[in-house]
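Now for the letters of each chain:
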Amino acid sequence: MLKSLYSGVSGLQSHQVAMDVESNNIANVNTVGFKYSRANFSDLLAQTSTVATAPQGTLGGKNAVQVGLGSTVNSMTRIFSQGSIQSSDKNTDVAIQGDGFFIISPDAGTTYKFTRSGDFKFDAGGNFVDNNGFIAQGWLKNDVTGKVDSTGSPVSINIAPGLTTPANPTSALALKANLNSGSLVKSFSTAYEVPSGTPPSKQSPAVMTGDAIDASGLPIQSGNMGVMVNESGEAFSLQANQGIWASFKNAEVVAGTAIAAGAAVQELDITFTLDDGSTKQITSSGGEATDNASEIGNRFITAINAQKSITGITAIYDANLSKIILSNDNANANASHNINISAVGNTNSGLVAPTVVTTAYKYQYNPLTSSALLNSDKTFTTIADLRNALEVQSHSILEYTVGATGVTGTTSAFTINGTAITFTETALNSADVNGAAYAAAITTALAAATTAPAVAGATAVYDATTKKLTITNPSTNELTIAGTIFGSSGITAGPNNVEVTVNAQGKFQVSNAGAGAYDMNIKITGITDVGAGI
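Please read these numbers as outputs of a predicted model, since none were measured by experiment.

What counts and how
Residues numbered from 1 in each chain as written. Predicted model: local features only at pLDDT ≥ 70, side-chain atom pairs only at ≥ 80, totals over all residues. Heavy atoms only, no water. Helix = DSSP H or I, 4+ residues; strand = E, 2+ residues; numbered from the N terminus. Buried < 20%, exposed > 50% of the residue type's maximum accessible area, 1.4 Å probe, protein only. Contact = heavy atoms within 4.5 Å. Areas by Shrake-Rupley, 256 points an atom, 1.4 Å probe, with all protein chains shown as cover. Phe/Tyr/Trp six-rings, centres within 6.5 Å; stacked < 30°, edge-to-face > 60°. Lys NZ or Arg CZ within 6 Å of the ring centre and 35° of its normal. Core = buried A, V, L, I, M, F, W, Y, C linked by side-chain atoms within 4.5 Å. Pairing = 2+ DSSP bridges. Axes fitted to C-alpha atoms, helices over the stretch in contact; angles between N-to-C directions. 1 Å grid on protein atoms, 1.4 Å probe; cavity = no way out; pocket = protein on both sides within 12 Å on 5 of 7 lines; lining within 4 Å. Points joined across faces, edges and corners; volume = space filled by probe spheres on them. Nonpolar A, V, L, I, M, F, W, Y, C, P; charged D, E, K, R; others polar. pLDDT = per-residue confidence, 0-100.

### So, the overall build of the protein
In terms of regular secondary structure, the protein is built from five helices and 32 strands. The buried share of the protein, reckoned over its 534 residues, is 36%. Sequence separation of at least 24 residues holds for 57% of the intrachain contacts in the protein that already meet a minimum separation of 6. Entry remark: accessible area of the protein is about 30,100 Å², with carbon and sulfur atoms responsible for 55%.

### Some words on the packing of aromatic side chains
The geometry of an aromatic ring pair is captured by the separation of the ring centres together with the interplanar angle, meaning the angle of the planes. Under the counting rule described, the total for this entry stands at six aromatic pairs. Here the aromatic rings of Phe80 and Phe101 are separated by 5.9 Å at their centres, their planes lie at 80°, and the arrangement is edge-to-face. Of this pair, Phe80 sits in the loop between strand S4 (71-78) and strand S5 (102-105) while Phe101 sits in the loop between S4 and S5, and the two are 21 residues apart along the sequence. Relative accessible area serves as the criterion here: at 43%, Phe101 is assigned to the partly exposed category. Plain terms: the ring middles of Phe120 and Phe128 are 5.0 Å apart, the flat faces sit at 25° to each other, and that makes the pair stacked. Considered together, Phe120 and Phe128 belong to a single accessibility category, that of buried residues. Among the aromatic side chains, those forming a connected cluster through ring pairs are Phe102, Phe120, Phe122 and Phe128. The ring of Tyr361 has Lys378 lying over it, and the distance from NZ or CZ to the ring centre is 4.7 Å.

### Observations concerning the nonpolar core
Counting residues in hydrophobic clusters, the biggest one holds 24 residues, and the most contacted among them are Phe272, Ile304, Ile324, Leu326, Ile339 and Leu351. Elements with a contribution of two residues or more to this core: strand S14 (251-254), strand S15 (269-273), helix H2 (293-305), strand S17 (314-318), strand S18 (323-328) and strand S19 (339-341). At six residues, H2 tops the list of elements feeding residues into this core. Once you skip the residues sitting within four places of it in the chain, Ile339 turns out to touch Ala251, Glu252, Val253, Ile313, Leu326, Ser327, Asn328, Thr355, Val356 and Val357.

### Description of the sheet that holds S17
Spatially, S14-S18-S17 is the arrangement adopted by the three strands of the open sheet, whose pairing is antiparallel. Of all the strands in the sheet, just S14 and S17 have a single pairing partner and so form its edges. Each neighbouring strand pair of the sheet contributes to a mean axis angle of 20°, computed without reference to strand direction. Inspection of the sheet shows S17 paired to S18 by five bridges, in the antiparallel sense. Among the inter-strand pairings, Asp318 is bridged to a residue of S18, identified as Lys323. The sheet contacts of H2 involve S17 and S18, and relative to S17 the element is tilted by about 175°.

### Regarding unusual backbone geometry
In this structure, Ser322 takes a positive phi of about 55° despite not being glycine. Tracing the backbone through its elements, the reader meets Ser322 in the loop between S17 and S18. The phi dihedral of Asn338 is positive, around 65°, even though this residue is not glycine. Here Asn338 shows up in the loop between S18 and S19. By relative accessible area, which is 10% here, Asn338 ends up buried.

### Overview of empty space enclosed by the protein
Sizing a probe to match a water molecule and rolling it over the atoms shows the empty space that remains. Applying the stated criterion across every chain yields a total of one cavity of 30 Å³ or more. By volume, the largest cavity amounts to about 40 Å³. Surrounding the largest cavity, Phe272, Thr273, Leu274, Thr311, Ile313, Ser336, His337, Asn338, Ile339 and Asn340 form its lining. Within the residue set of the lining of the largest cavity, elements represented by two or more residues are S15 and S19. Of the residues contributing to the lining of the largest cavity, the split by class is four nonpolar, six polar and no charged.

### Brief notes about the confidence of the model for the protein
Model confidence for the protein is summarised by a mean pLDDT of 79, while 78% of its residues fall at 70 or above. Counting contacts from residues 198-208, a segment whose pLDDT is below 50, to residues more than four positions away or on other chains yields 19 contacts.

### Some remarks on the sheet that holds strand S21 (residues 360-365)
Spatial strand order, S22-S21-S13-S32: four strands in an open sheet with mixed pairing. Each of the sheet's edge strands pairs with one partner strand only, and the pair in question is strand S22 (378-380) and strand S32 (523-526). Looking at each pair of strands side by side, their axes are set apart by 25° on average, direction ignored. Contacts from helix H4 (residues 383-394) reach strand S13 (243-247), S21 and S22 within the one sheet, and its direction differs from that of S21 by about 165°.

### As for the environment of Met19
Considering the arrangement of structural elements, one finds Met19 in helix H1 (residues 2-27). Overall, Met19 belongs to the partly exposed group, its relative accessible area being 44%. Each C-alpha atom of the pair Met19 and Ala39 lies 8.7 Å from the other, and the pair is 20 residues apart in sequence.

As structure tokens, then:
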């Protein structure tokens, strides 16, 4: 009976030790660097009353009769698991992530002790000490080489009070970060003004074409359109070949010959070539031999206008001229731009192919290079490139209102891009006749100016509806005319003062003033063809 009581008491005593260990763990829950312990139990010796026997003959073996005498705490295990890393307001608090110990010494490095507690501070002598006053051991930077040599023995860490480190420029920087792949930018610079750049005399201050200017008026590189954002930080994310269609004037064609009624039924049969190279054939039907010119013309334009959503072209019939006038304002992003009559034309309509009128051009983003060739599709990289390309194209046109009468024998002398043009006016008696004659005479004179490549190929066209004489230069140079054309006709030359600028908010602005200004019809649409990358 006493033996069983003693065995139970040993178990209680062992459990008491385990509870003491757990109590110590709980008591040190706020001790910095403390590692908890665990009590390990073991059984005591057993008392043997009868030994075990082996099998003998027909008699089997049997186990020994043993009675255990209780349990005891055999050992304690310290659990070195990673503690939680916490932030503090003390800049000398340190912690170890992973394995390892801080080395401290009570005797300036003669003997070492090890701890996981990083609760350090500096004493009055500049020693880096723990709460017991033991000095932390480590390796200090060499004042000469500026490097830390960890091959030697650790020494007491001491920073003399009042010691300062002189400032040194950063020579290298290593950065590991993840770039934001989203379309919303949280940090970006403001837009810069880009002034007019053609010609340079229009710029104030005078800077190179394509430069932006900062708040102080100094040249600064303008932003790449592929990485630009709007005022809300939303990225444009332009890809190569994305961009816009832009035009400054409608594309217009006036039928070469008038529609006339005849004995035979007249029907329309023309073909337009679209932006993507495909074609659209347009025909009319329902005509009668008794139709007059107006009925024929209206039947033709009805067939053309029915396909406007595809061709972008609007047709009207001018009863005074008995002619069809085609116009494309380039405002429909889903339809074709410009006018291109590609097949053999229908002489009944007066529209004879090939007739191509191009006033809208592509302006496409290219991350590597830019091109601003006149009367051609253009590429841009920066916002200044796009501004310059638009302004270059706007300067290819000069337009004047034609006067009502002319004087026979009047000699007109003027210059186009510095090249003298002279010819003698014939007998004229109306604005329409004057305008057509002026256009023919100017075109002939420009074609003869073979020594002036800046104007070679320039043409003049008269629009009887608007009474405008328009001179267009297909070269890479803008047109500048000086002098008076047909002194009595009311046509006076002047510079093309169209300016395209970018204001401080990054918005494009177009101004149109001066004697050589023309009636603009600015249209901007997005490039939607698959081949352009959209």
